[in-house]
Amino acid sequence: MVACSRRRRLIAGAVPMIRCCERQGWKWSLLYLARSRAQAASCEVLLAFGADRVRVHFDDEAGHLFDFSDPSFSVEPGVPIYCCGPAPVMRAVGDFSSNHPDNLAYFEWFSPPVEAGTDEVSTGFDVKLQRSGQIVHVSEGKTILEVLEEHGYELSCSCREGMCRTCETSVIEGTPDHRDYVLSKAEREAGRTMMICVSRARSSMLVLDV
Ligand code: FES
């Protein structure tokens, strides 16, 4: 399902997610959680955006973990939630979203560890375009989207950060290395689509429906 609201609620979000929202003209607010102020590496940078947009919670100062059922935490109806963080936070946000179906939650699922002896996931790989049969190489420093654009393809895209789902592309063969914020765990495991603006390949070649 596509998140079409022009507002975003970020949980434990990072500066790149904020920059993406700013570029898209999306209003955003952030709940930043950390065990302590000392462990909140980017706290000062985030607080500079203003208390009206950034709320912080430190477990040691509050004396407890953040309680997503507390009335002080609310998200406007229709506003999607983007969350990255440790599993307990992800689960708590998932529970909140389940109880507030109008607030869809999207999670940054970190990639599974690379198996010993296999290539690093960021190395280059090939992409075969099913419709033309053309094969292009995606080098380590490029995204699939960038390479296809360099080859003259005009593809739908918006955020270029794996957050909007505009560039979602069907995978015909190969194993994607998902790096987006929007696919569900089941969608990742199915591997039938991918966000070509950020995601890469775990196989040496992907065949895409382009
Ligand atoms: S352009 Fe937004 S997810 Fe790829």
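The present account deals with the structure reproduced in this document. (Residues numbered from 1 in each chain as written. Predicted model: local features only at pLDDT ≥ 70, side-chain atom pairs only at ≥ 80, totals over all residues. Heavy atoms only, no water.)

1. Section: the nonpolar core
Then, in step 1: If you look at the biggest cluster of nonpolar residues, it comprises 45 residues, and the most contacted ones within it are V127, I144, L206 and L208.
Then, in step 2: Among the elements that take part in this core, helix 1 (residues 15-24) stands out by supplying 5 residues, more than any other.
Then, in step 3: Shared between two domains, this core holds at least three residues of each, these being domain 1 (7-107) and domain 2 (125-208).
Then, in step 4: Judged by nonpolar contacts, the second largest core, of 16 residues, contains A12, L33, F73 and F96. (Core = buried A, V, L, I, M, F, W, Y, C linked by side-chain atoms within 4.5 Å. Buried < 20%, exposed > 50% of the residue type's maximum accessible area, 1.4 Å probe, protein only. Helix = DSSP H or I, 4+ residues; strand = E, 2+ residues; numbered from the N terminus. Domains from an automatic or database assignment.)

2. Considerations on the sheet that holds strand 12 (residues 205-208)
Then, in step 1: Read across the open sheet, the 5 strands follow the order 7-6-12-8-10; overall the sheet is mixed. The open sheet has two edge strands, strand 7 (135-138) and strand 10 (193-195), and neither has a second partner. Taking each pair of neighbouring strands and ignoring which way they run, the sheet shows an average axis angle of 40°.
Then, in step 2: Where strand 6 (residues 125-129) meets strand 12, 4 bridges bridge the pair, whose relative direction is parallel. The residue bridging L129 from the neighbouring strand is L208, located in strand 12. (Pairing = 2+ DSSP bridges. Axes fitted to C-alpha atoms, helices over the stretch in contact; angles between N-to-C directions.)

3. Overview of the sheet that holds strand 3 (residues 54-58)
Strands pair in a sheet through their backbones, by hydrogen bonds, and they do so in one of two ways: parallel or antiparallel.
Then, in step 1: The 5 strands are arranged 3-2-1-4-5 in an open sheet whose pairing can be described as parallel. Among the strands making up the open sheet, the edge pair consists of strand 3 and strand 5 (105-107). Recorded for the sheet is a direction-independent mean angle of 15° between the axes of neighbouring strands.

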